[in-house]
Every structure is written in C-alpha cells, then in structure tokens.
Amino acid sequence: MTLGGDKNYDTQEFVRELRGINITPHVAQNDSNRSSAIDQRTGDITSYEVSQRNENEVEQSFGWMKMVGMLRKVKLRGMDKVGWLFTFTGAAYNLCRLRNLMARA
C-alpha cells in the first residue's frame, strides 16, 4: 500500500508514521536546503516514479479548477454551497477533458 503527496509531506515524522503502519510514502522529495526524508529504498523503485508522474495529472486538474473553474477565490459561503461548486467544477473539467480525448481519437 502506498500514499502519495506533494513535497510538504516530506518530513521525518510523517514518513516514519507511514512506515510504522506499513504504508510506503510516495511523497515528492523536498531536498532544497535540507535532506529529504525519502531515502534510496523508496526513491529507487519503479512505482515511486509512476506516482510522481501521476501527481502531475492531479495537480493539473486542481490548477484548472482554480483558474478556469473560479475556485481560487470562492464567493460562496457554507459547506453545502462550496461542495456543490467543487463538484460542478470537477464535472466541467471532466467534460472538457473528455472532449479533448475524443478529438484525439
């Protein structure tokens, strides 16, 4: 079992906790001005590389939702309204992505 995350999760405590419950951390390495908590045994496996490539797809969808889907600065208040907007924006992103995929075929 693995858990992916961005470089903010590359901390000694978080990685140690995950390994303690038999979960392999697939977090991006944060080695700017410090050493990464992700060591060679995780960084060398193929599934780690795949996780890092797939993370880009997730980040791309959230970037689209912020810029195009108006989620950067939400004007609505309340969990129900914001939840609805997030679901609606996610559906719109999927429709745009589907359109682009069908155009390639």
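Heads up: the structure comes first, above all this text.
All values derive from a computational prediction rather than experimental measurement.

Asks: So what exactly am I meant to see when it comes to the overall build of the protein chain here?
Replies: In terms of helices and strands, the protein chain carries four helices and two strands. Moving toward the C terminus, one meets the helices and strands of the protein chain in the order β-α-β-α-α-α. Taken along its principal axes, the extent of the C-alpha atoms in the protein chain is 40 × 40 × 30 Å. Pairs at least 24 apart in sequence give 27% of the contacts found in the protein chain among residues at least 6 apart. When the accessible surface of the protein chain is summed, it comes to about 8,200 Å², and 56% of that surface belongs to carbon and sulfur atoms. The centroid of the 15 positive side-chain charges in the protein chain is displaced by 11 Å from the centroid of its 12 negative side-chain charges.

Asks: Explanation requested: unusual backbone geometry in the structure shown.
Replies: Across residues other than glycine, the phi torsion is negative in most instances, and most of the peptide bonds are trans. Although it is not a glycine, asparagine 22 adopts a positive phi angle of roughly 60°. Relative to the elements of secondary structure, asparagine 22 occurs in the loop between α1 (12-20) and β2 (24-27). Classification of asparagine 22 by relative accessible area gives exposed; the value is 68%. Of note in the backbone geometry, methionine 70 takes a positive phi value of approximately 60° without being a glycine. Within the fold, methionine 70 resides in the loop between α3 (46-67) and α4 (79-104).

Asks: What should I look at first to understand a nonpolar patch on the surface in this one?
Replies: Taken together, the side chains of Val58, Phe62 and Phe86 present a nonpolar region at the surface, about 260 Å² in accessible area. Tracing the sequence through the fold places valine 58 in helix α3.

Asks: What should I look at first to understand the environment of glutamate 59 in this one?
Replies: As for its placement among the helices and strands, glutamate 59 is situated in helix α3. Residue classification places glutamate 59 among the partly exposed positions, given a relative accessible area of 44%. For the pair formed by glutamate 59 and aspartate 6, sequence separation is 53 residues and the distance between their alpha carbons is 9.5 Å.

Asks: Which parts of the structure should I look at to understand the environment of serine 35?
Replies: Tracing the chain through its elements places serine 35 in the loop between β2 and α2 (40-43). In sequence terms serine 35 and aspartate 10 are 25 residues apart; their C-alpha atoms lie 9.7 Å from each other.

Asks: Looking at this structure, how should I read the packing of aromatic side chains?
Replies: Where two aromatic rings form a pair, the distance of their centres and the angle of their planes describe that pair. Scanning the model with the defined rule gives four aromatic pairs in all. Look at tyrosine 9 and phenylalanine 14: their rings are 5.3 Å apart centre to centre, the planes differ by 45°, and that puts the pair in the tilted class. The exposure class of tyrosine 9 is partly exposed, given its relative accessible area of 44%. For phenylalanine 14, a relative accessible area of 25% puts it in the partly exposed group.

Rules of the game
Residues numbered from 1 in each chain as written. Predicted model: local features only at pLDDT ≥ 70, side-chain atom pairs only at ≥ 80, totals over all residues. Heavy atoms only, no water. Helix = DSSP H or I, 4+ residues; strand = E, 2+ residues; numbered from the N terminus. Contact = heavy atoms within 4.5 Å. Areas by Shrake-Rupley, 256 points an atom, 1.4 Å probe, with all protein chains shown as cover. Lys, Arg positive; Asp, Glu negative; His and termini not counted. Charge placed at Lys NZ, Arg CZ, Asp CG, Glu CD. Buried < 20%, exposed > 50% of the residue type's maximum accessible area, 1.4 Å probe, protein only. Patch = residues over 30% accessible without salt bridge, like charges linked within 9 Å, V, L, I, M, F, W, Y side chains within 5 Å. Salt bridge = Lys/Arg side-chain N within 4 Å of Asp/Glu carboxyl O. Phe/Tyr/Trp six-rings, centres within 6.5 Å; stacked < 30°, edge-to-face > 60°.

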